[in-house]
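Single-letter residue listing:
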Amino acid sequence: MLDYSTILMRIERTTKSLDQKCLHKKFVGFNSEIAQMHSDLTLLAMWAVNQEASDIFNDLMGVEE
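Residues numbered from 1 in each chain as written. Predicted model: local features only at pLDDT ≥ 70, side-chain atom pairs only at ≥ 80, totals over all residues. Heavy atoms only, no water.

A separate point is helix 1 (residues 4-23). Look at helix 1: 28 Å from first C-alpha to last across 20 residues, which is about the 28 Å you get at 1.5 Å a residue. Buried residues in helix 1 make contact with helix 2 (30-61). In the segment just after helix 1, Lys25 is the residue with positive phi, at about 50 degrees. (Helix = DSSP H or I, 4+ residues; strand = E, 2+ residues; numbered from the N terminus. Expected span 1.5 Å × (residues − 1). Contact = heavy atoms within 4.5 Å.)

Below is the structure:
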C-alpha cells in the first residue's frame, strides 16, 4: 500500500499546476490533471479506510503498536 505522504505530495503538485493553468488561462491538460487528482483522492480515502480498519482489528485483538 502506498504511503499517504506520496499521495498528498502528488495532490499538492497537481493543485499548484491547476492553479497556474487557471491563472494564465492555459487549459491544455486540465481535464487529465483533474482526473489524476480524483484518482489520488480516491487512493487517499482507501489508505485512510485501511488504516482505520487496521486500528480496529488491532484493538479487537489487543495488539499494541
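Here helix 2 is 32 residues long and its end C-alpha atoms lie 47 Å apart, about the 46 Å a rise of 1.5 Å per residue gives. Three or more residues of helix 2 are buried, namely Glu33, Met37, Asp40 and Asn58. Note on helix 2: the residue one or two positions beyond its end, Gly62, has a positive phi of about 75 degrees. (Buried < 20%, exposed > 50% of the residue type's maximum accessible area, 1.4 Å probe, protein only.)

In this description, a pair of aromatic rings is defined by centroid distance and the angle of the planes. Summed over the entire model, instances satisfying the criterion amount to 2 aromatic pairs. Ring plane angle 40 degrees and centroid distance 4.9 Å describe the contact between Tyr4 and Trp47, whose orientation is recorded as tilted. Of the two residues, Tyr4 sits in helix 1 while Trp47 sits in helix 2, which places them 43 residues apart along the sequence. Judged by its relative accessible area of 38%, Tyr4 is partly exposed. Residue class for Trp47 comes out partly exposed when judged on its relative accessible area of 21%. Seen from their ring centres, Phe27 and Phe30 are 5.7 Å apart, and the 80 degrees between their planes marks the pair as edge-to-face. For Phe27, a relative accessible area of 47% translates into the label partly exposed. The partly exposed category is assigned to Phe30, whose relative accessible area is 21%. (Phe/Tyr/Trp six-rings, centres within 6.5 Å; stacked < 30°, edge-to-face > 60°.)

For the rest of this paragraph, the subject is the packing of helix 1 against helix 2. Running from N to C, helix 1 and helix 2 cross one another at 155 degrees; their axes reach a closest spacing of 9 Å. With respect to their mutual orientation, helix 1 and helix 2 come out roughly antiparallel. For helix 1 against helix 2, the interelement crossing comes out left-handed. Listed contacts from helix 2 to Tyr4, Ile7, Leu8, Arg10, Ile11, Thr14, Thr15, Ser17, Leu18, Lys21 and Cys22 of helix 1 are Phe30, Glu33, Ile34, Gln36, Met37, Asp40, Leu41, Leu43, Leu44 and Trp47. Across the contact of helix 1 with helix 2, the residue classes break down as 13 nonpolar, 4 polar and 4 charged. (Axes fitted to C-alpha atoms, helices over the stretch in contact; angles between N-to-C directions. Parallel < 35°, antiparallel > 145°, perpendicular 65-115°, else oblique. Left-handed = near helix turned anticlockwise from the far one by under 90°. Nonpolar A, V, L, I, M, F, W, Y, C, P; charged D, E, K, R; others polar.)

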